[in-house]
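One-letter residues, chain by chain:
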Amino acid sequence: MEMEELLRRAAQARQNAYAPYSHFQVGAALLTGEGTVYSGCNVESASFSPTCCAERVALFSAVAQGERDFAAIAIVGGPEGEAPSAYVPPCGVCRQALAEFCDLERFQVILGGGPSLPPRVYSLGELLPLAFTPGTMGRKEEKEEPPCGCTT
Ligand code: THU
């Protein structure tokens, strides 16, 4: 799937954002390895802490449908009622949540969503260096090389 199409799906999801406190609306579109798209928007709460970001809504919704293999996520956001005019990178918590399922080198984080925002693509590992992953926990089947490349 084209990056522009995934960004369009994120912009569409943003329309459902429930953000009456921050008035900052975010949409995310998560692409699986097989080409299915799961979308999410931010959902806020009057008690604030239960608020969930668009990226985790998309990720958890996909995992709840049995998905485990992800290729990319597109993120679009901005103040309510405005077209996106700045890149919205995923927060630290969402980066960590993505790292549970997504390959640090291959998984792409795509930012954009506005005419003044040509798509920018990052690997998850670029956004989450020295990540604590299932591999760090010693789960053999997912064990990765240490980020430094050393073997001890
Ligand atoms: N938010 C997201 O949905 N994704 C991000 O990557 C950053 C922040 C939401 C959370 C909250 O509802 C609002 O944006 C302001 O922080």
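Summarised in this report is the structure supplied together with it. (Residues numbered from 1 in each chain as written. Predicted model: local features only at pLDDT ≥ 70, side-chain atom pairs only at ≥ 80, totals over all residues. Heavy atoms only, no water.)

### What to know about the sheet that holds strand β5 (residues 120–123)
The mixed open sheet is built from five strands, whose spatial order is β2-β1-β3-β4-β5. Bordering the open sheet on either side are β2 (37–41) and β5, each of which pairs with just one other strand. If you compare each strand with its neighbour and ignore which way they point, the axes differ by 20° on average. Where strand β4 (residues 108–111) and β5 come together, four bridges link them in antiparallel fashion. Following the sheet pairing, Ile110 is matched in β5 by Val121. (Pairing = 2+ DSSP bridges. Helix = DSSP H or I, 4+ residues; strand = E, 2+ residues; numbered from the N terminus. Axes fitted to C-alpha atoms, helices over the stretch in contact; angles between N-to-C directions.)

### What about the side chain of Glu55?
Structurally, the position occupied by Glu55 is in helix α2 (residues 54–64). In this structure, Glu55 is buried with no salt-bridge partner, the nearest side chain bearing the opposite charge being Arg56 at 6.6 Å. In contact with Glu55, not counting residues within four places along its chain, are Val26, Ala28, Ile73, Ile75, Pro89, Pro90, Cys91 and Cys94. (Buried < 20%, exposed > 50% of the residue type's maximum accessible area, 1.4 Å probe, protein only. Lys, Arg positive; Asp, Glu negative; His and termini not counted. Salt bridge = Lys/Arg side-chain N within 4 Å of Asp/Glu carboxyl O. Contact = heavy atoms within 4.5 Å.)

### Considering the site of the ligand
Taken together, Ser22, Phe24, Val26, Asn42, Glu44, Thr51, Cys53, Ala54, Glu55, Pro89, Pro90 and Cys91 make up all the residues around the ligand. Ala54 places a main-chain nitrogen or oxygen 2.9 Å from an oxygen atom of the ligand. When residues of the shell around the ligand are traced back to their parent elements, those giving at least two are β1 (24–32) and α2. Per-class residue counts for the shell around the ligand are seven nonpolar, three polar and two charged. (Near = heavy atom within 4 Å. Polar contact = N/O pair within 3.5 Å; in protein donor to acceptor, adjacent residues only side chain to side chain. Nonpolar A, V, L, I, M, F, W, Y, C, P; charged D, E, K, R; others polar.)

### Overview of the packing of aromatic side chains
Scanning all chains against the criterion turns up two aromatic pairs. Relative to Phe48, the ring of Tyr21 has its centre 5.8 Å away and its plane inclined at 50°; by these criteria the two rings are tilted. Of this pair, Tyr21 sits in the loop between α1 (3–14) and β1 while Phe48 sits in the loop between β2 and α2, placing them 27 residues apart in sequence. The exposure class assigned to Tyr21 is partly exposed, which follows from its relative accessible area of 38%. Look at Phe70 and Phe101: their rings are 6.4 Å apart centre to centre, the planes differ by 90°, and that puts the pair in the edge-to-face class. (Phe/Tyr/Trp six-rings, centres within 6.5 Å; stacked < 30°, edge-to-face > 60°.)

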